[in-house]
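If you want the building blocks of each chain, they are given just below.
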Amino acid sequence: MNIPEITAAEAASQIEHGALIGVGAMRLIQILRYRNNEAYRENVDTERNDERNQFLHMKAWQLTAGWFVMIAAIGTFIFKFMGREDLMMLCSSGVCLMVALYWICFLYLKKKY
């Protein structure tokens, strides 16, 4: 019996494809259930339009972005002291990207409202 060898990259690719197919199938089931089940549709619409849920959603995004910036900034200093310039640049680029996106969104929302 001759079993073909696969590399780690091939295995990861197969796992990624499987995950994408699984997520797609679950999303399709949700959409079909939403279209066909009136009670489920009402429940989903209520949760989606509830002000408390919207507030919690926005607060969670705010905390997530704040923690990301703080962790990436700390990682920048740690990797600099460790001599890992590649990881330092990755972390600092993440912080710069988040700050730039924040300012773009802020200026957009300032004009809009």
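Residues numbered from 1 in each chain as written. Predicted model: local features only at pLDDT ≥ 70, side-chain atom pairs only at ≥ 80, totals over all residues. Heavy atoms only, no water.

Draft legend 1. Spotlight on the overall build of the protein chain. Helix and strand content of the protein chain: four helices and zero strands. Going from the N terminus to the C terminus, the protein chain shows its helices and strands as α-α-α-α. By principal-axis analysis of the C-alpha atoms, the protein chain measures approximately 65 × 60 × 20 Å. Relative to its full complement of 113 residues, the protein chain shows a buried share of 8%. Entry remark: accessible area of the protein chain is about 10,200 Å², with carbon and sulfur atoms responsible for 69%. On the protein chain, the mean spot of the 12 positive side-chain charges and the mean spot of the 11 negative ones are 10 Å from each other. (Helix = DSSP H or I, 4+ residues; strand = E, 2+ residues; numbered from the N terminus. Buried < 20%, exposed > 50% of the residue type's maximum accessible area, 1.4 Å probe, protein only. Areas by Shrake-Rupley, 256 points an atom, 1.4 Å probe, with all protein chains shown as cover. Lys, Arg positive; Asp, Glu negative; His and termini not counted. Charge placed at Lys NZ, Arg CZ, Asp CG, Glu CD.)

Draft legend 2. Spatial organisation of the layout of surface pockets. There is about 470 Å³ of room inside the largest pocket. Along the walls of the largest pocket sit 13 residues, with W61, Q62, A65, Y102 and C105 positioned nearest its centre. The greatest single-element share of the lining of the largest pocket, amounting to seven residues, is contributed by helix α4 (residues 85-112). (1 Å grid on protein atoms, 1.4 Å probe; cavity = no way out; pocket = protein on both sides within 12 Å on 5 of 7 lines; lining within 4 Å. Points joined across faces, edges and corners; volume = space filled by probe spheres on them.)

Draft legend 3. Local environment of the packing of helix α1 (residues 8-36) against helix α2 (residues 38-49). It is the contact of α1 with α2, at a shortest axis distance of 6 Å, that shows an interaxial angle of 105°. Here α1 lies roughly perpendicular to α2, going by the angle between them. Taking contact as the criterion, the partners of Q30, R33, Y34, R35 and N36 in α1 are, on α2, E38, Y40, R41, V44, D45 and R48. For the contact of α1 with α2, the residue count by class is three nonpolar, two polar and six charged. (Axes fitted to C-alpha atoms, helices over the stretch in contact; angles between N-to-C directions. Parallel < 35°, antiparallel > 145°, perpendicular 65-115°, else oblique. Contact = heavy atoms within 4.5 Å. Nonpolar A, V, L, I, M, F, W, Y, C, P; charged D, E, K, R; others polar.)

Draft legend 4. Layout of the packing of aromatic side chains. Overall, the coordinates contain three aromatic pairs when judged by the stated rule. With a centroid separation of 5.6 Å and an interplanar angle of 80°, the aromatic rings of Y102 and W103 are classed as edge-to-face. Pairing W103 with F106 gives two aromatic rings, centres 5.4 Å apart and planes at 80°, and the pair type is edge-to-face. Taken as a pair, W103 and F106 lie in helix α4 at a separation of three residues, close to a single helical turn. A relative accessible area of 45% places W103 in the partly exposed class. Pairwise contacts between aromatic rings join Y102, W103 and F106 into one cluster. (Phe/Tyr/Trp six-rings, centres within 6.5 Å; stacked < 30°, edge-to-face > 60°.)

Draft legend 5. Examining the pattern of salt bridges more closely. Applying the stated criterion to the full structure yields four salt bridges. Where R41 meets E38, a salt bridge forms, and the shortest distance between an N and an O atom there is 3.0 Å. Of the two residues, R41 and E38 both sit in helix α2, three residues apart, roughly one turn of that helix. A relative accessible area of 46% places E38 in the partly exposed class. (Salt bridge = Lys/Arg side-chain N within 4 Å of Asp/Glu carboxyl O.)

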